[in-house]
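Structural overview for review
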Amino acid sequence: MAFDLILRDLRLASDDATRVDIGLKDGRIAALMPELKGDGPALVFGGRLALPGFVETHIHLDKACILDRCACRKGTLEEAIAEVAAAKRAFTEADIEARAASVLDRAIAQGTSHIRTHVEVDPRIGLKSFDAVMRLRRAYAWALDIEICVFPQEGLLNDPGTEALLRQALHQGADLIGGCPYTDSDPLGQIERIFSIAREYDVDIDFHLDFDLDASRNTIEEVCRQTEGHGWGGRVAIGHATKLSAMPAAQFDRMAQLLADAGVAVTVLPATDLFLMGRGQDHNVPRGVAPAHRLLRQGVNCSLSTNNMLNPFTPFGDASLVRMANLFANAAQLGRPEDMADCFDMVSSRSARLLNLSDYGIQPGGAADIVVLDSTSRAQAVAELAQPLLGFKRGRQSFARPAPELFKP
Ligand SMILES: [Zn+2]
């Protein structure tokens, strides 16, 4: 059989062990087996790790790369929301598009193949960000699948005109709806409203939820109740959920059970949460990062994601998801190889499950989305921040990033 390209001697991240050759043809994986016989140009990888690309479940392209326009003095959530809301008034479509494109370029070179981006919609910004990201979705289809979650960052029930804009975006191709109850004058009312819009448009939901460390009350229970009431299990995710890091074990276990039973997934955003949480403390500053690894053990699907890059919510970032996995493992004090492998899955296969991706995986007949890492196991990749070496999207090479070369005397 003739192939467009054969990738030889790769380990698959799905089990870290099997070494296979992969034959690509017409954008798909035409064959996958050890020592594949066939004709075509070949690349040999010496047992390095291959995955179908990293999956970003939660990133804000529209407000990335604005550190030079914002103050970041207190480092609090309130300051970040106010500074970005003020900067947003000067955004133009061309400006949004240029900043977002610079994030996408970096994400591609970091081995990311799928992105869910949260896009703000309200009467001040209108659909500018949405329109810009829609254009980028088309322009970047050669390297990335982008899905768009429109959401009301500054509130819904307190912000007349926002719901009509959310609906307009859903009509025009937004993939799903998000919520941000903690900025709404009526958080529970917003949750109910978002569910009813999601049902009307038959779309998934991804909330920004419970972004503080007060464990005495939370909106997780209401989201789980509504998810079950609407039969939306497997279609709802919550991001941050930092209150989970502040709960005593018994309360945490009860919450994890609710999330698992309802089929609500959790996205942890370690860079943002480490930066913004615990600002009221002058010593013993808490990490404020939800313990995703403990949620996994109780049957909750979780992902780790970037959230923000180079803005007052997170004045850092290089769009690397392997770095996010490493940061979480470090903050959560995870040193066992099996726990680090879980962290890898939370930026790849588990993230794909959260997005309900149907064609994710290196398998015969599947899309030839393949990223090769300079590593031989998932745990090693997380521990050592393995560099992506090259990647393919639907069989076409999307980036190369050769390993460093030393010139020893
Ligand atoms: Zn976010």
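Here the structure is shown first, and the text comes after it.
Residues numbered from 1 in each chain as written. Predicted model: local features only at pLDDT ≥ 70, side-chain atom pairs only at ≥ 80, totals over all residues. Heavy atoms only, no water.

Observations concerning the overall build of the protein chain
To keep it simple, the criterion reads: Counting from the N terminus, the helices are the DSSP runs of H or I reaching at least four residues and the strands are the DSSP runs of E reaching at least two. What the globule rule says is 2.2 Å times the number of residues to the power 0.38, and the radius of gyration is computed from C-alpha atoms. A simple rule labels every residue: compare its accessible area, found with a 1.4 Å probe on the protein chains alone, to the largest value its type can have, and call it buried under 20%, exposed over 50%, or partly exposed in between. When checking whether two residues touch, look at their non-hydrogen atoms; a contact exists if any pair is within 4.5 Å.
Along the protein chain, the regular secondary structure elements total 13 helices and 15 strands. At 21 Å, the protein chain has a C-alpha radius of gyration in line with the 22 Å of a compact globule built from 409 residues. The C-alpha extent of the protein chain, read off along each of the three principal axes, is 65 × 50 × 45 Å. When each of the 409 residues of the protein chain is scored for burial, the buried share is 59%. Put simply, 76% of the contacts in the protein chain that link residues at least 6 apart link residues at least 24 apart.

Here we look at the pairing of strand 9 (residues 205–209)
To be explicit about the condition: In this analysis, strands are considered paired if DSSP registers two or more bridges between them. Handedness is read with the strands pointing away from the viewer; a crossover is right-handed when the path from the first strand over the helix to the second is clockwise.
The element strand 9 is extensively covered by neighbouring structure, given that 5 of its 5 residues are classed as buried. The two faces of strand 9 match: Ile205, Phe207 and Leu209 on one face and Asp206 and His208 on the other face are all buried. The pairing of strand 8 (residues 176–179) with strand 9 spans 3 bridges and is parallel. By the bridge assignment for strand 9, Gly179 is matched with Phe207. Read as a crossover between parallel neighbours, the route from strand 8 over helix 5 (residues 187–201) to strand 9 is right-handed. Pairing analysis gives 5 bridges linking strand 9 to strand 10 (residues 236–240), with the strands arranged parallel. Counterpart to Asp206 in the pairing with strand 10 is Ala237. Running through helix 6 (residues 220–230), the crossover from strand 9 to the neighbouring parallel element strand 10 is right-handed.

A few points about the packing of aromatic side chains
What counts, and what does not: Stacked, tilted and edge-to-face are the three classes assigned to paired rings of Phe, Tyr and Trp, where Trp is represented by its six-membered ring and a pair needs centres within 6.5 Å; plane angles under 30 degrees give stacked, over 60 edge-to-face, the rest tilted. Comment: the charge-over-ring label is applied if NZ (Lys) or CZ (Arg) is within 6 Å of the ring centre and within 35 degrees of the ring normal.
Tallied over the full model, the rule gives 5 aromatic pairs. Both rings, one in Tyr140 and one in Trp142, keep their centres 6.2 Å apart while their planes meet at 25°; by these two values the pair is stacked. Judged by its relative accessible area of 9%, Tyr140 falls in the buried class. Take Trp142: its relative accessible area is 35%, and that puts it in the partly exposed class. A centroid spacing of 5.7 Å and a plane angle of 70° characterise the contact between Tyr182 and Phe211, whose relative ring orientation is edge-to-face. Here Tyr182 is found in the loop between strand 8 and helix 5, whereas its partner Phe211 is found in the loop between strand 9 and helix 6, with 29 residues between them in sequence. Judged by relative accessible area, which is 26%, Tyr182 ranks as partly exposed. Sitting over the ring of Trp232, Arg235 keeps its end group 4.4 Å from the ring centre.

Quick look at the coordination of the zinc ion
Going by this rule: Donor criterion used throughout: N, O or S atom within 2.8 Å of the metal, extended to 3.2 Å for Na, K and Ca. Water excluded; incomplete-looking sites may result.
Around the zinc ion, the donor atoms from the protein are His58 (NE2), His60 (NE2), His208 (NE2) and Asn307 (OD1), and they sit 2.1 to 2.2 Å away. Under the relative-accessibility criterion, His60 is labelled buried at 1%. Owing to a relative accessible area of 1%, Asn307 belongs among the buried residues under this scheme.

Looking at the side chain of Asp369
The following threshold applies: Contacts described as polar in this section are N or O atom pairs within 3.5 Å, which, within protein, must combine one atom able to donate a hydrogen with one able to accept it, while residues neighboring in sequence count only if both atoms come from side chains.
With respect to the element layout, Asp369 can be found in the loop between helix 12 (349–354) and strand 13 (370–373). A polar contact is formed between the side chain of Asp369 and the backbone nitrogen of Arg394, at a distance of 2.8 Å. If near-sequence neighbours (up to four positions away) are discounted, Asp369 is found in contact with Leu51, Pro52, His114, Asp145, Ile362, Phe392, Lys393 and Arg394.

Some remarks on the sheet that holds strand 4 (residues 42–51)
Test applied: Angles here are taken between N-to-C directions and fall from 0 to 180 degrees, while the axes themselves are lines fitted to C-alpha atoms, restricted in helices to the stretch in contact.
Across the sheet, 7 strands lie side by side as 3-2-1-4-13-14-15; this open sheet has mixed pairing. Strands with a single pairing partner mark the edges of an open sheet, and in this sheet they are strand 3 (28–33) and strand 15 (396–400). The mean angle between the axes of side-by-side strands here comes to 35°, regardless of whether they run parallel or antiparallel. As defined by bridge partners, strand 2 (residues 19–25) adjoins strand 3 across 5 bridges and the pair is classed as antiparallel. Paired with Lys25 across the bridge in strand 3 is Arg28.

Quick notes on helix 5
Let me state the cut-off plainly: The span one expects for a helix is its residue count, reduced by one, times 1.5 Å.
With 15 residues, helix 5 should reach 21 Å at 1.5 Å per residue; the first-to-last C-alpha distance of 21 Å fits that figure. If you check which residues of helix 5 are buried, you get Gly189, Gln190, Ile191, Ile194, Phe195, Ile197 and Ala198. Positive phi shows up at Asp202, right after helix 5, with a value of about 55°.

Comments concerning the nonpolar core
Condition: Nine residue types can take part in a nonpolar core, namely buried Ala, Val, Leu, Ile, Met, Phe, Trp, Tyr and Cys, and a core is a set of them joined through side-chain atoms within 4.5 Å.
Counting residues in each nonpolar core, the largest one holds 102 residues, and the members touching the most others are Phe207, Ile238, Leu244, Leu259 and Phe328. Among all residues touching Ile238, those that are not within four sequence positions of it are Asp206, Phe207, Leu209, Ile220, Val223, Leu259, Val264, Ala265, Val266 and Thr267. In this structure, Leu5, Val20, Ala50 and Leu389 belong to the second largest nonpolar core, which totals 17 residues.

Overview of the pattern of salt bridges
Definition in use: The salt bridge criterion pairs a side-chain nitrogen of Lys or Arg with a carboxyl oxygen of Asp or Glu, the two atoms within 4 Å.
For the structure on display, the rule yields 35 salt bridges. One salt bridge in this structure joins Asp206 and Arg116, with 2.7 Å as the shortest N-O distance. Residue Asp206 is located in strand 9, and its partner Arg116 is located in strand 6 (residues 112–120); the two are separated by 90 residues in the primary sequence. We note that Asp206, like Arg116, is buried. Here Asp145 ties to Lys393 by a salt bridge, and the two come within 2.9 Å at their closest N and O atoms. Residue Asp145 is found in strand 7 (residues 145–151), and its partner Lys393 is found in strand 14 (residues 388–393); the two are separated by 248 residues along the sequence. Given the relative accessible area of 26%, Asp145 is considered partly exposed. Of the residues examined, Lys393 reaches a relative accessible area of 2% and is grouped as buried.

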